[in-house]
Amino acid sequence: MSDSKYTKSIMIIIFLTMVLTMPAQADTGYSLPSDGNVTAFLESQDVSIPGSRTITTHMPENFNFDDNFYTTYGGPNLTANIVGNNEFSKGETTSLTINLANKGVITGFESEEDALTKLEKALQKTEMDYETQKTTAIGIVSTLESPHQSIKVKSSPQESGSLPPGEETDIPPEFTIEIEENAKPGTYPLILNTLYGYQKNVQVSGDNVSNGDITNLEVGIWYDSKSQNHTIPIRIEDEAEFDVTNVSADLRAGEEGVLTVTYENIGNQPVKDATVGITASDPFSTTDDQAFLGSLAPGESAEGVFNLNVDQTATSKMYAINSEIKYEDMDGDEQISDTQKVQVRTLPAITLGDQLNNHIGLVYILVLLALIGLAIIGYMKLVRGRKRKSGE
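Residues numbered from 1 in each chain as written. Predicted model: local features only at pLDDT ≥ 70, side-chain atom pairs only at ≥ 80, totals over all residues. Heavy atoms only, no water.

Our next topic: the overall build of the protein. In terms of helices and strands, the protein carries five helices and 23 strands. In the protein, which comprises 392 residues, the share counted as buried stands at 37%. In the form shown here, the protein has an accessible surface area of approximately 21700 Å², with 48% of it arising from carbon and sulfur atoms. (Helix = DSSP H or I, 4+ residues; strand = E, 2+ residues; numbered from the N terminus. Buried < 20%, exposed > 50% of the residue type's maximum accessible area, 1.4 Å probe, protein only. Areas by Shrake-Rupley, 256 points an atom, 1.4 Å probe, with all protein chains shown as cover.)

Here you go:
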């Protein structure tokens, strides 16, 4: 994947994986920085776009740990699972919808300094209110990867917005995957990477406190990034598979012949009412293009027998005849197998000379019979001639 391909989709959330250099005013409740601040910040940073997942973070210049009241432990913790069925068929192109949930919790607080003055106590309380936002995952970007050659991910990284703790995303990422025809049945774990920002630390400051309100309150928020990998298992369904294990053919140009093909169920599922059909093309023709195979358990075989006419002009060589098997699976659904190639060789037409050579013994007998017949006829004529002379 090239960096430029994903720059546009990632840029909006990159700032959330770094420090915001400008403090946020806290006149109202907790809020994220404005788009203008985000854009200006991004333009000032050098970042590396995923796949490298390398992001350099910086602490805000105005962040002073001496004035920090709390260190909070915990953060976002995303879980991911497929929405709906995770079973698919080989040769299928399908869409995966991934549900994301945030199970993040605050695991503890550590006081960094004691609040002595009235202002410090007010600032301490205000910082605590902001610290509770630490478990929100901000600007989630998900990338699905397949470590398997037979399964390919066709979608680029997907954005899913922000996700507070205890909630599921309203914008679940969707990915298109392509399963190759030669994929074997079984379970295949795909890898979903979620990259997001979160609030790492907060610092507050102000000039005075009056009637519970802090004058000139400023809030400095330090954002960081987090990356999580999730295993997304998909299953390629068990199904019947067939293989041509033997071919017997007596096919000669200009004649009708018999083709016998043995099919074996090499899959791990039984089939019922299997019928094989062939597609006869030049130089073959037939009105007998289907054969009943019946029920086949895994490892069992059955023969299909077909009568084929071979054109007089057929060249003596190997030909491929396509065949497909229709069958009923274990759920009672009708299925059609992959195309099975049947390799057959045609023989040249028999010439008159070949026919004579093949029946030379019969020819000798016929000639001998003809000679005997002529001899008998000659002898009979001779006898009749003598009788006529005697009568005279």
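Structure's up, so let's keep going.
In space, the four strands of this open sheet follow the order 15-16-20-18, with antiparallel pairing throughout. At either end of the open sheet lies a strand with only one pairing partner, and these are strand 15 (242-249) and strand 18 (284-285). By the bridge criterion, seven bridges tie strand 15 to strand 16 (residues 256-265) in an arrangement that is antiparallel. The residue of strand 16 that forms the bridge with Val244 is Tyr263. (Pairing = 2+ DSSP bridges.)

The next subject is the pairing of strand 16. Within strand 16, seven of the 10 residues are buried, which leaves the element mostly enclosed by the surrounding structure. Hairpin remark: strand 15 followed by strand 16, antiparallel, with six residues in the connecting loop; positive phi at Gly254, about 80°. Judged from the nine bridges that link them, strand 16 and strand 20 (residues 301-310) form a sheet pairing that is antiparallel. The residue of strand 20 that forms the bridge with Leu259 is Phe306.

Across the sheet, four strands lie side by side as 3-5-10-8; this open sheet has antiparallel pairing. The sheet is open, and its two edges are formed by strand 3 (78-82) and strand 8 (151-153), each paired on a single side. If you compare each strand with its neighbour and ignore which way they point, the axes differ by 35° on average. (Axes fitted to C-alpha atoms, helices over the stretch in contact; angles between N-to-C directions.)

Turning our attention to the environment of Gly91. Structurally, Gly91 can be placed in the loop between strand 4 (87-88) and strand 5 (93-102). It is 7.6 Å that separates the C-alpha atoms of Gly91 and Asn182, two residues lying 91 residues apart in sequence. In this structure, Gly91 is in contact with Ile179, Glu180 and Glu181, ignoring residues within four places of it in sequence. (Contact = heavy atoms within 4.5 Å.)

This paragraph deals with the pairing of strand 14 (residues 218-236). Relative to strand 14, strand 4 runs parallel, the two sharing two bridges. By the bridge assignment, Phe88 is partnered in strand 14 with Ile236. Inspection of the sheet shows strand 11 (residues 186-205) paired to strand 14 by 19 bridges, in the antiparallel sense. Directly across from Tyr198, in strand 14, lies its bridge partner Asp224.

With that settled, consider the pattern of salt bridges. Tallied over the entire structure, the rule returns eight salt bridges. Of the charged contacts, one joins Asp129 and Lys125 as a salt bridge, the two residues approaching to 3.8 Å between their closest N and O atoms. Taken together, the residues span about one helical turn, with Asp129 and Lys125 both in helix 3 (residues 118-131) at a distance of four residues. On the accessibility criterion, Lys125 (55% relative accessible area) is exposed. The structure contains a network of salt bridges with shared partners spanning Lys90, Glu239, Glu241 and Asp338. (Salt bridge = Lys/Arg side-chain N within 4 Å of Asp/Glu carboxyl O.)

Proteins that are soluble and globular tend to have nonpolar side chains buried together. With 27 residues, the main nonpolar core has Leu259, Tyr263, Phe284, Ile321, Ile325, Val342 and Val344 as its most contacted residues. Of all the secondary-structure elements, those providing two or more residues to this core are strand 15, strand 16, strand 17 (271-279), strand 19 (290-296), strand 20, strand 21 (318-328) and strand 23 (340-345). Those residues in contact with Tyr263 that sit more than four places away from it in its chain are Asp243, Val244, Val276, Leu293, Glu300, Ser301, Ala302, Ser323, Ile325, Gln340 and Val342. With 23 residues, the next largest nonpolar core counts Ala137, Ile177, Leu190 and Tyr196 among its residues. (Core = buried A, V, L, I, M, F, W, Y, C linked by side-chain atoms within 4.5 Å.)

We now examine the side chain of Asn265. Position of Asn265 among the secondary structure elements: in strand 16. Accessibility expressed as a relative area gives 0% for Asn265, which makes it buried. Looking at Asn265, its side chain comes within polar contact range of the main-chain nitrogen of Gly267, at 3.0 Å. When near neighbours in sequence (up to four residues on either side) are disregarded, Asn265 contacts Ala240, Glu241, Phe242, Pro270, Val271, Leu296, Ala297, Pro298, Gly299 and Glu300. (Polar contact = N/O pair within 3.5 Å; in protein donor to acceptor, adjacent residues only side chain to side chain.)

Following Asp282, the chain continues into Pro283 via a peptide bond in cis, with omega recorded as 15°. Note that Pro283 resides in the loop between strand 17 and strand 18. Not every positive phi belongs to a glycine, and Asp273 is a case in point at roughly 50°.

On to a nonpolar patch on the surface. On the surface, a nonpolar cluster with roughly 800 Å² of combined accessible area is contributed by Ile365, Leu366, Leu368, Leu369, Ile372, Ile376, Tyr379 and Met380. Along the chain, Met380 turns up in helix 5 (residues 360-391). On the accessibility criterion, Met380 (40% relative accessible area) is partly exposed. (Patch = residues over 30% accessible without salt bridge, like charges linked within 9 Å, V, L, I, M, F, W, Y side chains within 5 Å.)

Turning our attention to helix 3. With 14 residues, helix 3 ought to run about 20 Å at 1.5 Å a step, and its terminal C-alpha atoms sit 20 Å apart, in line with that. Here helix 3 has its buried residues at Leu119, Ala122, Leu123, Gln124, Thr126, Glu127, Tyr130 and Glu131. Packing partners of the buried residues in helix 3 comprise strand 2 (70-75), strand 6 (105-111), strand 11, strand 12 (208-210), strand 13 (213-215) and strand 14. (Expected span 1.5 Å × (residues − 1).)

Right, let's talk about the environment of Ile278 for a bit. On the secondary structure map, Ile278 appears in strand 17. In this structure, the C-alpha to C-alpha distance between Ile278 and Ser323, residues 45 residues apart in sequence, is 4.2 Å.

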